[in-house]
Amino acid sequence: MLNWNDVLQFANKGNLAPDRRVVKTDAEWRAVLTPEQFRITRKKGTEPSFSGELCSRYDEGKYTCICCDTELFDSTIKYDSRSGWPSFTQPIKDNVISYVKDVSFGMTRIEVNCSICDAHLGHVFPDGPPPSGLRYCINSESLQLTADHKIAQ
Ligand SMILES: [Zn+2]
């Protein structure tokens, strides 16, 4: 299980190698994403708090990257952080998330991205519940719940 020290190590010294990579141009991403999904995942945007559809949903399933379909989070580790964004305590696998130090807006935060396609997902904070103590604060627009996904295809 990852903890805050692991996260800082990844952000400072380099991330785990992903199992595969998906690389597309902005034009290719625009063709498969909504404008809001594109803005958030490819341009490091943030959705307004409490706006995301997945924020208040706790259905069983896997949360996949909206861009490359990689399984990132599981509904069993989703919790209500009352932040207004979907929140998780761990990724499904350690190497599906990459961590980058983000000093924008006068704050030092740890940005979390999909390590397969570099989609911006959100940030991780050290104020989550035990045992990991981590709060992955993720944009709803960056994720798809797999049950939804199958129906949408
Ligand atoms: Zn991805």
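One numbering rule holds for all chains: residues counted from 1, following each sequence as written. Residue-level local features of this predicted model are given only where pLDDT is at least 70; pairs of side-chain atoms are given and counted only at 80 or more, and the full residue set underlies all totals for whole chains, interfaces and linings. As a convention, hydrogens and water are excluded, and side-chain values are obtained from all of the structure's heavy atoms.

Caption draft 1: How the structure looks around the nonpolar core. With 33 residues, the main nonpolar core has Leu72, Phe73, Ile97, Tyr99, Cys114, Cys117 and Tyr136 as its most contacted residues. Leave out the neighbours within four places in its chain, and Leu72 touches Tyr63, Thr64, Cys65, Pro91, Ile92, Val96, Ile97, Cys114, Leu121 and Leu143. Among buried residues, those of type Ala, Val, Leu, Ile, Met, Phe, Trp, Tyr and Cys that are joined through side-chain atoms within 4.5 Å constitute a nonpolar core. Only protein chains enter the accessibility calculation, which uses a 1.4 Å probe. A residue is then buried if its area is under 20% of the maximum for its type, exposed if over 50%, and partly exposed in between. Two residues form a contact once any of their heavy atoms are found within 4.5 Å.

Caption draft 2: Quick peek at the pairing of strand β1 (residues 62-65). Note on pairing: DSSP must find at least two bridges between two strands before they are called paired. Secondary structure elements are taken from DSSP: a helix is a run of H or I of four residues or more, a strand is a run of E of two residues or more, and numbering for both begins at the N terminus. Pairing analysis gives 3 bridges linking β1 to strand β2 (residues 71-74), with the strands arranged antiparallel. Residue pairing across strands places Tyr63 opposite Phe73, the latter belonging to β2. Between β1 and β2, which pair antiparallel in sequence order, lie 5 residues; one of them, Asp69, sits at a positive phi of approximately 70°. Across 3 bridges, β1 lies against strand β9 (residues 143-145) in antiparallel orientation. The residue bridging Thr64 from the neighbouring strand is Gln144, located in β9.

Caption draft 3: Layout of the pattern of salt bridges. A pairing counts as a salt bridge when a side-chain nitrogen of Lys or Arg comes within 4 Å of a carboxyl oxygen of Asp or Glu. Scanning the entire structure with this criterion turns up 8 salt bridges. Put simply, Arg21 and Asp118 hold a salt bridge, and the shortest N to O gap is 3.0 Å. One end of the pair, Arg21, is in the loop between α1 (4-13) and α2 (26-32); the other, Asp118, is in the loop between β6 (109-114) and β7 (120-125), and 97 residues separate them in sequence. With relative accessibility at 44%, the residue Arg21 sits in the partly exposed group.

Caption draft 4: Expanded view of the coordination of the zinc ion. Summarising the metal site, the zinc ion is bound by the protein donors Cys65 (SG), Cys68 (SG), Cys114 (SG) and Cys117 (SG), whose distances to it range over 2.3 to 2.4 Å. What the 4 donor atoms of the zinc ion show is an angle range of 101 to 117° at the metal, which sorts the shape as tetrahedral. Written as a sequence motif, the donor residues of the zinc ion are C-x2-C-x45-C-x2-C. Note that Cys68 is positioned in the loop between β1 and β2 and Cys114 in strand β6, a separation of 46 residues in sequence. Look at Cys114 and you get buried, because its relative accessible area is 0%. Metal donors were taken as nitrogen, oxygen and sulfur atoms no farther than 2.8 Å from the ion, or 3.2 Å where the ion is Na, K or Ca. Water is excluded, so coordination may look unfinished. The rule is simple: four donors are tetrahedral if all their angles sit between 85 and 135 degrees, four are square planar and six octahedral if opposite donors span more than 155 degrees and the others lie between 65 and 115, and anything that fits none of that is irregular.

Caption draft 5: Structural context of α1. Buried within α1 we find Val7, Phe10 and Ala11. Buried residues of α1, seen end-on, are gathered within an arc of 95° and therefore sit on one face of the element. For α1, the exposed residues set more than 90 degrees away from the buried face come down to Asn5 and Lys13. Against β5 (97-102), β6, β7 and β8 (135-138) lie the buried residues of α1. Pairs of N or O atoms are called polar contacts if they sit within 3.5 Å, as long as, within protein, a hydrogen donor faces a hydrogen acceptor (for residues adjacent in sequence, only side-chain-to-side-chain pairs). N-capping of α1 is provided by Asn3, with a side-chain oxygen placed 3.0 Å from the backbone N of Asn5. Within two residues after α1, Gly14 carries a phi angle of roughly 120°, on the positive side. An arc is given here, and it is the one of the directions from the helix axis to the C-beta atoms.

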